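Chain residues, written in single-letter form:
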Amino acid sequence: MQNDPELNGKYLGTISRDFVVVAETLREASYQVRKRQISKYPIFVFSRTEVPIGSLFLAKEELALEWNIYASYLEDFIKHKLVDEEKVEDFAAAYKDPDEFCCLFVVDGENFTNFVFIPFPED
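Report on the accompanying structure. Keep in mind the model is a prediction, meaning the values are calculated, not measured.

Scoring rules and cut-offs
- Residues numbered from 1 in each chain as written.
- Predicted model: local features only at pLDDT ≥ 70, side-chain atom pairs only at ≥ 80, totals over all residues.
- Heavy atoms only, no water.
- Helix = DSSP H or I, 4+ residues; strand = E, 2+ residues; numbered from the N terminus.
- Rg over C-alpha atoms; globule rule 2.2 N^0.38 Å.
- Buried < 20%, exposed > 50% of the residue type's maximum accessible area, 1.4 Å probe, protein only.
- Contact = heavy atoms within 4.5 Å.
- Areas by Shrake-Rupley, 256 points an atom, 1.4 Å probe, with all protein chains shown as cover.
- Lys, Arg positive; Asp, Glu negative; His and termini not counted.
- Charge placed at Lys NZ, Arg CZ, Asp CG, Glu CD.
- Phe/Tyr/Trp six-rings, centres within 6.5 Å; stacked < 30°, edge-to-face > 60°.
- Lys NZ or Arg CZ within 6 Å of the ring centre and 35° of its normal.

A word on the overall build of the protein chain
Stage number 1. Helix and strand counts for the protein chain come out as four helices and five strands.
Stage number 2. Helices and strands in the protein chain line up, N terminus first, as α-β-β-α-β-α-α-β-β.
Stage number 3. For 123 residues, the compact-globule estimate of 2.2 N^0.38 gives 14 Å, and the protein chain sits close to it at 13 Å.
Stage number 4. Based on the C-alpha atoms only, the size of the protein chain along its principal axes is roughly 35 × 35 × 25 Å.
Stage number 5. Residues counted as buried form 43% of the 123 residues belonging to the protein chain.
Stage number 6. Partitioning the contacts of the protein chain with sequence separation of at least 6, the portion at a separation of at least 24 is 57%.
Stage number 7. Total accessible area computed for the protein chain in this model is approximately 7,200 Å², and 48% of it derives from carbon and sulfur atoms.
Stage number 8. Averaging the positions of the 13 positive and the 23 negative side-chain charges in the protein chain gives two centres separated by 2 Å.

Side note on the packing of aromatic side chains
Stage number 1. Scanning all chains against the criterion turns up 10 aromatic pairs.
Stage number 2. On the numbers, 5.0 Å between centres and 90° between planes, the contact of Phe 77 with Phe 105 is edge-to-face. Placement of Phe 77 in helix H3 (residues 74-79) and of Phe 105 in strand E4 (residues 101-108) is noted, with a sequence separation of 28 residues between them. The pair formed by Phe 77 and Phe 105 is uniform in burial state, with each residue classed as buried.
Stage number 3. In textbook terms, an aromatic cluster arises when at least three aromatic residues are bridged by ring pairs, as seen for Tyr 41, Phe 77, Phe 91, Tyr 95, Phe 105, Phe 115 and Phe 117.
Stage number 4. Its end group placed over the ring of Trp 67, Arg 48 keeps NZ or CZ at 4.0 Å from the ring centre.

Keep in mind that these numbers describe shape and distance, not what the molecule does.
Have a look at this one:
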């Protein structure tokens, strides 16, 4: 679960632009997921099209974004078989501090899916 260098060129620019707009909202949502003990591992899915993972959290049309953002978490990814139950410990070890980093799962059709951690802006 490392940041993929392929992500840098093709996706990171548009994801970063959208992330800056919604970072504080995602930080608060991540906090609430953990505070309410829904999951220790919130994940936000960035996709240009509808995906069956999580719940639509921020529609791209509402905020003039390039990506729809879905709120999810590790247990949902296990249920959808996107994270193997036998790899949960590996996932947990790679998961970065959710107070400092936002865990994104980027989906671009069937061509590309990847986890990426983006640091929240400094206060």
